[in-house]
Amino acid sequence: TTYAAGGHRTAFVDNDTKPNGHGRMLRKEDPRFVRGRGRYVDDLQLPGMLHLAILRSPFAHARVVSVDTTLAEAHPKVRLVVTGAMLAEKGLAWMPTLSNDVQAVLATDKVRFQGQEVAFVVAEDRYAARDALELIDVEYEPLDPVIDVRTALSPDAPVIRDDLEGKADNHVFDWETGDAAATEAVFARADVVVSQDIVYPRVHPAPMETCGAVADFDAVDGKLTLWSTTQAPHAHRTLYAIVAGLPEHKIRVVSPDIGGGFGNKVPIYPGYVCAIVGSLLTGKPVKWMEDRAENLISTGFARDYVMRGEIAATRDGRILAVRTHVLADHGAFNGVAAPVKYPAGFFGVFTGSYDLEAAYCEMTAVYTNKAPGGVAYACSFRITEAVYLVERIVDCLARELDMDPVELRMRNFIRPEQFPYRTRTGWVYDSGNYAPTMELAKEIAGYDALRAEQKERRARGEIMGVGVSFFTEAVGAGPRKDMDILGLGMADGCELRVHPTGKAVVRLSVQTQGQGHETTFAQIVAEELGIPPQDIEVVHGDTDQTPFGLGTYGSRSTPVSGAAAALVARKVRDKARLIASGMLEVSVADLEWEKGAFRVAGDPDASVTIQDIAMKAHGAGDLPEGVEGGLEAQICYNPENLTYPHGAYICVVDIDPGTAKVTVRRFVAVDDCGTRINPMIIEGQVHGGLTDGVGMALMEMIAFDEDGNCLSGSLMDYLIPTALEVPDWETGFTVTPSPHHPIGAKGVGESATVGSPPAIVNAVVDALSPFGIRHADMPLTPSRVWEAMRGRPTPP
Ligand code: MCN
Ligand code: CUM
């Protein structure tokens, strides 16, 4: 259901209009996908291609005593067996992670999490490779594992990373932001202080397509081609170049169609490196494709923050300060993909959408015997955790003050005239106008009526809750002066070429995983040049064909590459203007641009279209003096700041008193991502993110037993929501453009995943308030809610 501003339900806006620029438009890529003609990594079949399978550790923590590969090598279809010891001889047993740690490609000394890579087999087919894994005999000497983040730093905890020189504990980093003393002073004089322990459990992005690669090393021209499931082809290529010592022009990384990324496909996984080694050693193309269990157990997890939140306020509901202490579980290797300056991602925005006097965060990150990762699952670089913290703790305060949670939020919003607004932790919010967004959500939801209904239902013994959340995100990393991944600055190239007949091709460094870039980037160029989006081809995901840039994550494609696409189109337009002045024999100052054509001011009949100009640019005859032929341009865009989208969400839940099952009855999401390029795609992004939120709030958790066995290695154990678990989403929007983005657009890809979990949990806690409950940790499964209703602690 869609609502226009003002809260009026709209008929579904005509979906097959053909906007010549921004607007609702069906996705150009979908005819391919709905006919099963997508080209994914696993669809690739190359002549002579071999198949790789990885042997993984059954133990969370164990010494590797010996690895015997004799029987596997004797298998008739096996071409190659490689162990950690063999990689060590070539100096390839360890690789750098995206956060300056190292990670084992194949274990040499120890295994450090269940599912860690120990050896690999390359065989003639996938089945033989898998069979041969069972012929490898590994002798392990089990060690005590570190599973509970709370005891990881105790003096008697086993040291996981004894590979690091002089490492005598499981400490990864300490980090702080804000002003501890100022915050303490505010807390000391506050009327009301509320604190709450809050856990954001470990979850997994679980994209439909697992991770994989096909590596093809051509020994004749010395060139490696790697088709891989990557969200950042250029960054990956540079890192392979550095690690392998190959020049970049001898490496081509291709990211073909990707079946969902959600951050899972940002890191470089050992499997990619194994595929490359496999191809180098066999001289054949080698394919590696994870199965579901491998994906869930061994690749980039998300969240896993154990937080204590504290909030200080006046009795009449003026929020003064927020303070938090966080224990961050980073698993066995620090594989977080965050800008170097931000080891905790953008968690610093935990001050939320409120105008505070002080804020402080203190964080300790530790190693445990679990899979590495940390930044994934539409996280906006840890903003998910930050928003959950502040939106839960604000709700706890509302309860303490006996104040309506919407009212409390409205009273403390950063006011429109305060933008650009510098937060107490140093983030500069570019623009925002929060109250209208919150009001619209209230109006769509019929908030006051819902509260009245809740009262009636309670009187009848029914359990109904209404939950609210309000978020501000920071998306679109760079600028490059502040942000880089392993020294690569966060700025994006873009190239645009208009062919003689007026068709165009735009080349991007970002890579779609389902977000619809082939459509929206064509629309961005169309809006600037007036060439129909159908006539604009978007090329991405191939390092040989696209300019350098840092890739898709942190909802940065629209804020960074989207800006680049608009500016490169304007550059082309500037050149077109020069050519048009020659064609119309007037000075450039006399030309007016009207989407798709230049016309002579005051002479409506004298005009040339962009297509006429393209032909002229390539055609016979003279161009104005100093103007080169062709109609193309390139740019590298370095954003001035992040963009700060915001949103107001309201969730209605019912809880079955007999089974404690939570049903999300309604969910209203009002998002503000500035200028909207394609509202249909934005709604799709929001629907997906809200579904993620239901999963995290009610169903999903990567759990471990005390030996470090991962208990969530299949989709029977790791539950993800389907259409059956979610309501008919009700969405609305407001528009507060970004002042520094050339078209005023802000990112939106992760907004709903960030904003929805607190709304759902707030609704459940609201429903349970008659039971005296102030907080319960996700996922709010029936058993957890059942125990909470009986005043018992959360079961694992
Ligand atoms: N858009 C728009 N107008 C705006 C903002 C965005 O029309 N003002 C459109 C964009 O043009 C783009 C889409 O919405 O087609 C998302 O844009 P953006 O917010 O820039 O996010 P990215 O394209 O950078 O996508 C990344 C983001 C992240 S980080 C995760 S995680 C996530 C998400 O997108 N993974 C996804 N959404 C996903 N959706 C799908 N289908 N699959 C994933 O793996
Ligand atoms: Cu953090 S998940 Mo997205 O940024 O690829």
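Residues numbered from 1 in each chain as written. Chains lettered and ligands numbered in written order. Predicted model: local features only at pLDDT ≥ 70, side-chain atom pairs only at ≥ 80, totals over all residues.

Q: Sorry if this is basic, but what is going on with the overall build of the protein chain here?
A: Summing up its helical and strand segments, the protein chain has 18 helices and 35 strands in all. For the protein chain, the spread of C-alpha atoms along the three principal axes comes to 80 × 75 × 50 Å. Burial statistics for the protein chain: of 796 residues in total, 55% are counted as buried. Looking at the protein chain alone, contacts between residues at least 24 apart form 78% of all its contacts between residues at least 6 apart. (Helix = DSSP H or I, 4+ residues; strand = E, 2+ residues; numbered from the N terminus. Buried ≥ 20, exposed ≤ 12 C-beta atoms within 10 Å, placed from the backbone. Contact = placed C-beta atoms within 7 Å.)

Q: In this structure, what is going on with the site of ligand 2? I would like to understand it.
A: As a matter of local geometry, ligand 2 sits amid 13 residues, with Gly-263, Val-375, Cys-379, Tyr-553 and Gly-554 nearest to it. When its residues are assigned to classes, the shell around ligand 2 shows eight nonpolar, four polar and one charged. (Near = placed C-beta within 6 Å. Nonpolar A, V, L, I, M, F, W, Y, C, P; charged D, E, K, R; others polar.)

Q: Would you mind going over the site of ligand 1 with me for this structure?
A: Around ligand 1, a shell composed of 35 residues is seen, among which Gly-514, Thr-520, Ser-557, Thr-558 and Gly-749 lie nearest. Looking at the shell around ligand 1, the elements with two or more residues in it are helix 13 (517–529), helix 14 (557–584) and helix 16 (679–698). Considering every element that reaches the shell around ligand 1, the biggest residue donor is helix 16, with four residues. Among the residues forming the shell around ligand 1, the class breakdown is 10 nonpolar, 21 polar and four charged. Counting only domains with at least three residues in the shell around ligand 1, you end up with domain 1 (3–38 + 491–637) and domain 3 (301–477 + 641–789). (Domains from an automatic or database assignment.)

Q: Could you clarify how one ought to interpret the UniProt feature "domain: Aldehyde oxidase/xanthine dehydrogenase a/b hammerhead" (unreviewed entry) in the protein chain in this entry?
A: The positions that UniProt labels "domain: Aldehyde oxidase/xanthine dehydrogenase a/b hammerhead" (unreviewed entry) are, in the present scheme, residues 35–144. The annotated region residues 35–144 carries 17% helix and 37% strand content, and the separation between its end C-alpha atoms amounts to 51 Å. (UniProt positions renumbered as here; feature names shortened; annotations may be inferred.)

Q: Where do I start with the nonpolar core in this structure?
A: In globular proteins that are soluble, nonpolar side chains generally tend to be buried together. Counting 242 residues, the largest nonpolar core has Val-525, Ile-760 and Val-764 as the members making the most contacts within it. Sequence-distant contacts of Ile-760, that is, excluding residues within four places in its chain, are made with Gly-467, Cys-651, Val-653, Val-664, Gly-693, Val-694, Ala-697 and Leu-698. (Core = buried A, V, L, I, M, F, W, Y, C linked by C-beta atoms within 7 Å.)

Q: Explain the packing of helix 16 against helix 17 (residues 751–768) to me, please; I cannot follow it from the model alone.
A: Two quantities define a packed helix pair, namely the angle between the helix axes and the distance between the axes. Viewed as axis vectors pointing N to C, helix 16 and helix 17 meet at an angle of 40°, and their least axial separation amounts to 7 Å. Judged by the angle between their axes, helix 16 and helix 17 are oblique. Helix 16 and helix 17 meet at a crossing whose hand is right-handed. Contacts between helix 16 and helix 17 involve Gln-685, Val-686, Gly-689, Leu-690, Asp-692, Gly-693, Val-694, Met-696, Ala-697 and Leu-698 on the former and, on the latter, Ser-751, Ala-752, Thr-753, Ser-756, Pro-757, Ile-760 and Val-761. (Axes fitted to C-alpha atoms, helices over the stretch in contact; angles between N-to-C directions. Parallel < 35°, antiparallel > 145°, perpendicular 65-115°, else oblique. Left-handed = near helix turned anticlockwise from the far one by under 90°.)

Q: What's the story with the pairing of strand 16 (residues 286–289) in this structure? I'm lost.
A: For a regular strand, side chains alternate in direction, first toward one face of the sheet and then toward the other. Of the two faces of strand 16, the one lined by Val-286 and Trp-288 and the one lined by Lys-287 and Met-289 are each fully buried. Both strand 3 (residues 50–56) and strand 16 contribute to a ladder of three bridges, which runs parallel. Within strand 16, the residue paired with Leu-52 across the bridge is Trp-288. Bridge count for strand 13 (residues 212–218) against strand 16 is four bridges, and the pairing is antiparallel. Across the sheet, Ala-215 pairs through a bridge with Val-286, a residue of strand 16. (Pairing = 2+ DSSP bridges.)

Q: Even after reading the chapter, I still don't get helix 10 (residues 405–412), so can you show me in this structure?
A: For an α-helix the count is 3.6 residues per turn, leaving residues at separations of three or four pointing the same way. Regarding helix 10, the residues found buried are Pro-405, Val-406, Leu-408, Arg-409 and Asn-412. Taken around the axis of helix 10, the buried residues stretch over an arc of 165°, which confines them to a single face. Those residues of helix 10 hidden inside the fold are in contact with strand 18 (319–329), helix 9 (383–401), helix 11 (434–445), helix 12 (447–459), strand 23 (463–472) and helix 17. (Arc of directions from axis to C-beta.)

Q: I tried to follow the packing of helix 13 against helix 14 on my own but got confused; where do I start?
A: Running from N to C, helix 13 and helix 14 cross one another at 35°; their axes reach a closest spacing of 9 Å. In this structure, helix 13 crosses over helix 14, and the sense of that crossing is right-handed. Contacts between helix 13 and helix 14 involve His-517, Phe-521, Ile-524, Val-525, Glu-528 and Leu-529 from the former and Ser-557, Gly-562, Ala-565, Ala-566, Ala-569, Arg-570, Val-572 and Arg-573 from the latter. Class assignment for the residues of the contact of helix 13 with helix 14 results in eight nonpolar, three polar and three charged.

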